[in-house]
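Listed below are the residues making up each chain.
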Amino acid sequence: MKLNSKNLSFTRPIVISLGGILLGFLLIATLVTLNQRKDIIEDYHQINRNFTRNLAVNYTASILQENDYILDRAVRYFANNDALNRTVNIDPKQGMELMMQLVVLMPRVSSISLVDTEGHYLRAPHLKLEGENATFDPKTRPWFVHQASSSNYSHYTDVYTDFFTHQQAITLYRPVVSSDGKLKGTLAFHLDLASMGYTLRQMQSPVQGEYYVVNREGKAVLHPDTGLLFKQLIPARLMDKMNNGEGAVYDSNRHVWYYYYSFANPDWFVVFKVSDDTLSALARHESIIVTWGFSLAAIVIVLFGLYLRHASRTVLMNIINAIKTGEVKQAPKLEAMLSKAIISNKERELTYVRQATIDALTGCKNRRAFDNDVAALMKEDAAFSLALIDIDNFKSINDTWGHLSGDIVLRNVAREGLSLLQPKGISLYRYGGEEFAVVFEHDHQPEALSLLESWREAIAQRTWREDGMQVTFSAGLGKWNREPLDQLIITVDEALYKAKQQGKNQIVCSDVI
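The model shown is predicted, which means the values in this text are computed figures rather than measured ones.

**Student:** How do you make sense of the overall build of the protein when you look at a structure like this?
**Tutor:** Counting its regular elements, the protein contains eleven helices and 17 strands. Taken across its 513 residues, the protein has 45% of its residues classed as buried. Within the protein, counting contacts between residues at least 6 apart in sequence, those at least 24 apart form 63% of the total. Counting only carbon and sulfur atoms, one obtains 53% of the accessible surface of the protein, whose full area is about 28000 Å².

**Student:** Explain the sheet that holds strand S12 (residues 268–275) here, please?
**Tutor:** Backbone-to-backbone hydrogen bonds pair the strands of a sheet. The strands run either parallel or antiparallel. The strand order across the open sheet formed by five strands is S9-S8-S12-S11-S10, and the pairing between neighbours is antiparallel. Looking at the sheet topology across the chains shown, the edges are occupied by strand S9 (220–222) and strand S10 (246–251). Here the strands of the sheet are splayed against their neighbours by 40° on average, with no regard to which way each runs. With six bridges joining them, S10 and strand S11 (residues 256–262) adopt antiparallel strand pairing. From the neighbouring strand, tyrosine 250 faces S11, where its bridge partner is tryptophan 257.

**Student:** Help me understand the nonpolar core in this model?
**Tutor:** Nonpolar side chains tend toward joint burial in soluble globular proteins. Grouped together as the largest cluster of nonpolar side chains are 55 residues, with contacts concentrated most on Leu187, Phe189 and Leu191. With 16 residues, helix H1 (residues 11–79) is the largest single contributor of residues to this core. Excluding residues within four positions of it along the chain, leucine 191 makes contact with Asn67, Arg108, Val109, Ser110, Tyr156, Ile170, Leu172, Met196 and Trp268. By size, the runner-up hydrophobic cluster in this structure holds 30 residues, among which are Val413, Phe436, Phe440 and Leu477.

**Student:** Help me understand the pairing of strand S13 (residues 384–391), please; the structure alone is not making it clear to me.
**Tutor:** On a regular strand, each side chain points to the face opposite its neighbour's, so the side chains alternate between the two faces of the sheet. Of all eight residues making up S13, eight are buried, and the element is well covered by its neighbours. Because side chains alternate across S13, one face comprises the buried residues Phe384, Leu386, Leu388 and Asp390, and the other comprises Ser385, Ala387, Ile389 and Ile391, equally buried. Pairing geometry for S13 and strand S16 (residues 473–479), over seven bridges, is antiparallel. Its bridge partner being in S16, leucine 388 is matched across the sheet by glycine 476.

**Student:** What's the story with the packing of helix H2 (residues 83–90) against helix H3 (residues 92–105) in this structure? I'm lost.
**Tutor:** The geometry of H2 relative to H3 is characterised by a closest axis approach of 6 Å and an angle of 115° between their N-to-C directions. Between H2 and H3, the angle is such that the two are roughly perpendicular. Counted together, Arg86, Thr87, Val88, Asn89 and Ile90 of H2 and Pro92, Gly95, Leu98 and Met99 of H3 form the full contact between these two elements. Looking at the contact of H2 with H3, its residues break down into five nonpolar, three polar and one charged.

Cut-offs used in this document
Residues numbered from 1 in each chain as written. Predicted model: local features only at pLDDT ≥ 70, side-chain atom pairs only at ≥ 80, totals over all residues. Heavy atoms only, no water. Helix = DSSP H or I, 4+ residues; strand = E, 2+ residues; numbered from the N terminus. Buried < 20%, exposed > 50% of the residue type's maximum accessible area, 1.4 Å probe, protein only. Contact = heavy atoms within 4.5 Å. Areas by Shrake-Rupley, 256 points an atom, 1.4 Å probe, with all protein chains shown as cover. Pairing = 2+ DSSP bridges. Axes fitted to C-alpha atoms, helices over the stretch in contact; angles between N-to-C directions. Core = buried A, V, L, I, M, F, W, Y, C linked by side-chain atoms within 4.5 Å. Parallel < 35°, antiparallel > 145°, perpendicular 65-115°, else oblique. Nonpolar A, V, L, I, M, F, W, Y, C, P; charged D, E, K, R; others polar.

Shown next, in the form of structure tokens:
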């Protein structure tokens, strides 16, 4: 009788089975790794789009709105009675003092021009005209509003060469129109783009990249590196593709992504530039963890297969020996269990969430949290009061003691406010720059003014490390009467503006204006 020993072998079926398992495992591991890489890159696209939106909404938009708000208030002042003519022509000395006060309130404006329709002007700070600059005609400037083009809206000029500094500049301007519709002149804020771009240096991006603001032509108007202002940073062919409110555009020539958020007025784009190599490196870094996990699992499978092959041969030899000797007291049991463990883990740690709700510098809630909380109160028709707080002379603090001291002031003002408000469950928000907001819900409305006064007095009496530093704040307070949020903010802002006009370091309620 011919004996085919291969039919009695455990080795062949075990090797074939383990080979099939290992091959299937490797195919699954490859597909999972490739799919995970795609998901990781898409996640980073979303993180970068969210960062760009936050940079636009929480920083750039707040600066533009602040400038536009003060311009609107100033235009209203000069439109009343004969204020513009009195400032420019009748009493220019007092007019210069008034405009210099306005310049102090505008930390991101280098100078201000006020012009009547005849071309008579006043510029603060005043620059003496000499040589070729002896004659200045404001009517030739791009920010001068002629009768035919007058409107009640603010405008931004394109990039032009300033007559006095001979440097490229951008100006925010608005016509001064009386209540009877007569054009009286133009008020222009000449923007300090270097100062506006300085804060960008302190921004922390989720991945390595560049962030800046460009105009429709792709030239930088705000940049952490002031040497790149007005340089062509994005090709025109890519700017033509930025036709949505926000999105991303890929430059196949330079292998970079441009994440953008656009504004209508001005026609600017907040851009976050990230190279394709950076995204690939991030995806590779996160994928390698899973790859090592799959590799370790494959090694375990191979080692287990070798052990199973050896154990099966040993069990077979023990069974043969038991048959020969008849000793079954320790009859082996074939209990080797083949365990397959295919681990498919997609553990990704998102260090940057879609919308942060806490301001990193002050520890207060941020502007987005404010918008969400107030919207919820309005939706529930819940009574509340709103306070807007602005640190007095904050630009002078930054200019005198430096931006680091300015940050210390912001943190300590916020800390005093939080210590008073948080125990009572009242939220404090950083509204933008040196401005804070407090929402007093129904239960806390009666004590709103007293809490604000306690906070104000604590700041006014505080001793600072810097010699000669005195910090105060002014505030406006008003109740919500079911008007739209924009109208409520305007009302409370007017109370804040009144507090500034009356000498600062005080709180004004909107119902007593």
